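Here is how the chains run, residue by residue.
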Amino acid sequence: MKKKVLYIGLDVHQNTIDVALANDRSNGKVRSYGKIDSTLDALNKLIEKLQSKTIELRFVYEAGPCGYQIYRHLHPKNIDCAVVGPSMIPKRSGDRIKTDRRDAINLARLFRAGELTSIHVPTAEDEAIRDLVRCRDDMRRFEHKARQRLLSFLLRYGHHYRGNRHWTKVYYNWLATVRFTHPADQIAFQEYVDMVNECGQRLKRITEQIHAFVEQWSRAPLVKAYQALRGVSFVVAVTVVAEIGDMSCFQNPKQLMAYLGLIPSEHSSGKSIRRGAITKTGNGHVRRVLVQAAWTYRMPARVSTVLLNRQQGLPRSIRDISWKAQTRLCARYRRLLTRGKSKQTVVTAIARELGGFIWAIDKEMQETIA
């Protein structure tokens, strides 16, 4: 006997969950079940009320600050659950009313119609590494802001460093010679310096912890393989692996480029074709590190000592892909620059293709493992 499907939309918040139900008939009415507590016990009671031998439950909810706790609770019970990205949920342009009840009903209705695209849910281990990588990125931003505040403070009081580079050992020695007239200013200055030093030490500690955990990570071979590419350092490789996870969901490199928001936006109608800036959709963390890595391709293609050391122990096919990427992307950088494109536009184009080469290395590694 074929089971009937019951689609359940959940609008999840910190303390409550709004629930909506939709049967498997396309013209069936979608009704609101009401609110339940945002706890796993309350969710279990809901399942007990709705589940039967003739009904198959299918849950759906938006990815958000509450994480993947519901998905990981339902998956071991063999209950279908989909997590969808908020930006990919269709919205009616004329609908100006938004409530939790309406959101739950909308989720159930669209899920039944097949209009929702579920996202990849990382494993607990992958999510833990991703959190550590994002923590490092936050600390890098804190360090950048702390340095800006210190430089602004020095500028306001007319203290100018005459050297070539900031944040070197010579620069810190110069900071030790800076004096202010009022004792309060001297204390404020020292606090700014200590904040910069503290952020730098935390950044170093977190990076060391990432190295330690990645050695035991199941995806460590991919981290090493991605580093075969020029510009893809350890931090860049870990960021890409931790943020994207299983790359097999992308059937071709164009899908990965679109996911990273590195493809041009387009508004075409009839014979009119208009393309604009990149879409900037999807994962911004990976897009940022790829753009940073792309700057290295402004120099002529060569295998440096650092790159040669990173490629030690990798298959010949991976190293061939790395060299192909260098010869193509370095030439493309020069070619686009001579056509009058701005450096930022050229680097963005290089980052887009660099994502394609990462996809190729991932595919090669999967075939090698298989």
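Calculation notes
Residues numbered from 1 in each chain as written. Predicted model: local features only at pLDDT ≥ 70, side-chain atom pairs only at ≥ 80, totals over all residues. Heavy atoms only, no water. Helix = DSSP H or I, 4+ residues; strand = E, 2+ residues; numbered from the N terminus. Expected span 1.5 Å × (residues − 1). Core = buried A, V, L, I, M, F, W, Y, C linked by side-chain atoms within 4.5 Å. Buried < 20%, exposed > 50% of the residue type's maximum accessible area, 1.4 Å probe, protein only. Contact = heavy atoms within 4.5 Å. Pairing = 2+ DSSP bridges. Axes fitted to C-alpha atoms, helices over the stretch in contact; angles between N-to-C directions. Phe/Tyr/Trp six-rings, centres within 6.5 Å; stacked < 30°, edge-to-face > 60°. Lys, Arg positive; Asp, Glu negative; His and termini not counted. Salt bridge = Lys/Arg side-chain N within 4 Å of Asp/Glu carboxyl O.

Colleague: Explain the environment of L229 to me, please; I cannot follow it from the model alone.
Modeller: Mapped onto the secondary structure, L229 falls in the loop between helix 7 (220-226) and helix 8 (234-244). Spatially, the C-alpha atoms of L229 and L203 are 24 Å apart, while their sequence positions differ by 26 residues.

Colleague: Even after reading the chapter, I still don't get helix 12 (residues 316-338), so can you show me in this structure?
Modeller: Along an α-helix, residues three or four positions apart point the same way, because every turn accommodates 3.6 residues. For helix 12, built from 23 residues, the straight-helix expectation of 33 Å at 1.5 Å per residue is met to within 8% by its first-to-last C-alpha distance of 33 Å. Following helix 12 by one or two positions, G340 adopts a phi angle in the positive range, close to 95 degrees.

Colleague: I keep staring at the nonpolar core and nothing clicks. Help me out?
Modeller: Side chains of a nonpolar character, in soluble globular proteins, are inclined to be buried together. Formed by 55 residues in total, the largest nonpolar core has its most connected members in Y226, L229, V240, M247 and L290. Those elements that provide at least two residues to this core are helix 4 (124-156), helix 6 (183-215), helix 7, helix 8, helix 10 (284-294), helix 12 and helix 13 (343-369). In contact with V240, other than residues within four places in its own chain, are Y226, G245, M247, V286, V289, L290 and I358. Of all hydrophobic cores here, the second largest spans 23 residues; its members include L10, A42, L57 and V83.

Colleague: Is there a simple way to explain the environment of S26 in this structure?
Modeller: Structurally, the position occupied by S26 is in the loop between strand 2 (16-23) and strand 3 (30-37). Sequence spacing of S26 and K324 is 298 residues, and the spatial spacing of their C-alpha atoms is 51 Å.

Colleague: Is there a simple way to think about the side chain of E143 in this case?
Modeller: By the element assignment, E143 lies in helix 4. The class of E143 is buried, set by a relative accessible area of 12%. Every residue in contact with E143, bar those within four places of it in the chain, is listed here: C199, G200 and L203.

Colleague: Whenever I open this one, the sheet that holds strand 1 (residues 4-12) confuses me. Can you help?
Modeller: By definition, the strands of a sheet pair up through backbone hydrogen bonds, in either a parallel or an antiparallel sense. Pairing is mixed across the open sheet formed by 5 strands, whose spatial order is 3-2-1-4-5. The strands lining the two open edges of the sheet, one partner per strand, are strand 3 and strand 5 (80-84). Ignoring strand direction, the axes of neighbouring strands in this sheet form an average angle of 25 degrees. Note that strand 4 (residues 55-62) and strand 5 share 5 bridges and pair parallel. When the sheet's bridge partners are listed, E62 is paired in strand 5 with V84.

Colleague: Can you help me understand the packing of aromatic side chains in this one?
Modeller: Under the definition given, this model contains 13 aromatic pairs. Each ring, one from F153 and one from Y192, has its centre 5.4 Å from the other, and the planes form 50 degrees; the classification is tilted. Of the two residues, F153 is situated in helix 4 and Y192 in helix 6; the sequence distance between them amounts to 39 residues. Judged by centre distance (5.0 Å) and plane angle (70 degrees), the rings of W167 and Y171 are edge-to-face. For the pair W167 and Y171, a shared accessibility class is recorded, and that class is buried. Connected via pairs of aromatic rings, a cluster forms that spans F153, Y157, F180, F189 and Y192.

Colleague: Can you walk me through the side chain of R352 in this structure?
Modeller: On the secondary structure map, R352 appears in helix 13. No salt bridge is formed by the buried R352; the nearest opposite charge belongs to E353, separated by 6.3 Å. Aside from chain neighbours lying at most four places away, what touches R352 is M257, L262, I263, P264 and I278.

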